[in-house]
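Here is what each chain is made of, one letter per residue.
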Amino acid sequence: SVGVDLGNSHTKVYTNYEGKEIEYIVPSAVKNGYDSFSTVDCEKVIYDNTEYSVGIGDSLINKRKYFSDYYKIIFLTSIANTFKELNENSLKIDVAISMPVNLFKDKEFRENVKKHINSWGLQKIVVNDKEYLIEISNLDVWVEGGIHLLNMDRENNTKDIVYDIGGFTQDSIYVRYGKIIKGNTEKKGIIKLKEELYDLFRKDHKITDLDNDSKQELFNKIKENSTFKLNDIEISLEKYNKYLDGYVSNIFDSIEKMYEIDDKNIIFIGGGSVELEDLIKSYGDEYKIKFNKLGNFANAITNYFYAKNIMVV
């Protein structure tokens, strides 16, 4: 069994193979042709006699992505790389994926996605010059943030808001006594935040570009409300720290508008939650805040347990 979290930003895969936990992550991006000169690591993929680069290129963020060849290529590449160290190149597996609650509650859409992926049959893909034969025996769809519905580490007599800060979206679901009551999706992910901060900084200081490492360093310094060295000059980041504070404040504004929260835990998951953990925790005196120990891989691991223990096969 394998859990796949093919998100807008990154694809995460989790499995437990003969007692060994395996995690794999790659940006959810793909482009035609293998870019051997890319400054960013990418996977060299051949599918249907065509070369692709997985990990760079176009991101998959629209609702029709589940039916695209690019989705299939990222999906199969991630499965292949999850098992690459085990010398397994012929795979027949049960898989669970997940989707945001607004799509998950659309039963017709969800069933169409299941039917489409289950129709793939045996697939051949070459990843980094190694050929894999992959067959999805059974596929089912679970809900993002649905970890507490599996009752893995909590009793089902609680009222929880599970808040997932992803790359391009923030997804939340309200789970009462083990049942989904309602949910919400907003296009305000951590990547969008970083882009907005970087654009603001770039315009303020009239720079053309920074490399990816420098961009991440800038973001880290903004979180610390520290300074950033540019052309040997230390620049105050207080303005950008206030912008970041506003982003986190808006998260709690959204929760307040969407849910009655006085008697509920707010459980944060997702890569954005990991990066913003200290800022989110600063609201701990006013809200019942928890961080799931599975962090960035929470959805992938939840999907794995769903595939392993709940799917009817």
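Note that the structure is a prediction, hence the values are computed from the model and not measured.

Parameters and conventions
- Residues numbered from 1 in each chain as written.
- Predicted model: local features only at pLDDT ≥ 70, side-chain atom pairs only at ≥ 80, totals over all residues.
- Heavy atoms only, no water.
- Patch = residues over 30% accessible without salt bridge, like charges linked within 9 Å, V, L, I, M, F, W, Y side chains within 5 Å.
- Areas by Shrake-Rupley, 256 points an atom, 1.4 Å probe, with all protein chains shown as cover.
- Salt bridge = Lys/Arg side-chain N within 4 Å of Asp/Glu carboxyl O.
- Lys, Arg positive; Asp, Glu negative; His and termini not counted.
- Charge placed at Lys NZ, Arg CZ, Asp CG, Glu CD.
- Helix = DSSP H or I, 4+ residues; strand = E, 2+ residues; numbered from the N terminus.
- Pairing = 2+ DSSP bridges.
- Axes fitted to C-alpha atoms, helices over the stretch in contact; angles between N-to-C directions.
- Parallel < 35°, antiparallel > 145°, perpendicular 65-115°, else oblique.
- Left-handed = near helix turned anticlockwise from the far one by under 90°.
- Contact = heavy atoms within 4.5 Å.
- Nonpolar A, V, L, I, M, F, W, Y, C, P; charged D, E, K, R; others polar.
- Expected span 1.5 Å × (residues − 1).
- Buried < 20%, exposed > 50% of the residue type's maximum accessible area, 1.4 Å probe, protein only.

All right, on to a negative patch on the surface then. On the surface, Asp253, Glu256, Glu260 and Asp262 cluster together into a patch of negative charge. Residue placement: Glu260 occurs in the loop between α6 (238-258) and β16 (265-269).

With that out of the way, let us pick up the sheet that holds strand β12 (residues 170-176). Spatially, the 5 strands line up as an open sheet ordered β13-β12-β11-β16-β17, and their pairing is mixed. In the strand order of this sheet, the two ends are held by β13 (179-186) and β17 (288-291), each with one partner. Going across the sheet, the axis of each strand differs from the next one's by a mean of 20°, ignoring polarity. Bridging between β16 and β17 involves 4 bridges; their strand directions are parallel. Pairing of Asn265 across the sheet is with Lys288, part of β17.

Before going further, it helps to spend a moment on the packing of helix α4 (residues 190-205) against α6. In the contact formed by α4 and α6, the axes pass within 11 Å of each other and the chain directions differ by 155°. Classified by the interaxial angle, the pair formed by α4 and α6 is roughly antiparallel. Here the hand of the crossing between α4 and α6 comes out right-handed. On α6, the residues that touch Ile190, Leu193, Glu196, Leu197, Leu200, Phe201, Asp204 and His205 of α4 are Lys239, Tyr240, Tyr243, Leu244 and Tyr247. Across the contact of α4 with α6, the residue classes break down as 9 nonpolar, 1 polar and 3 charged.

When the terminal C-alpha atoms of helix α9 (residues 298-309) are compared, their 16 Å separation across 12 residues agrees well with the 16 Å that a helix rising 1.5 Å per residue should span. Counting buried positions over the 12 residues of α9 gives 9, a clear majority of the element. Taken as a whole, α9 has its buried residues at Ala298, Asn299, Ala300, Ile301, Thr302, Asn303, Tyr304, Tyr306 and Ala307.

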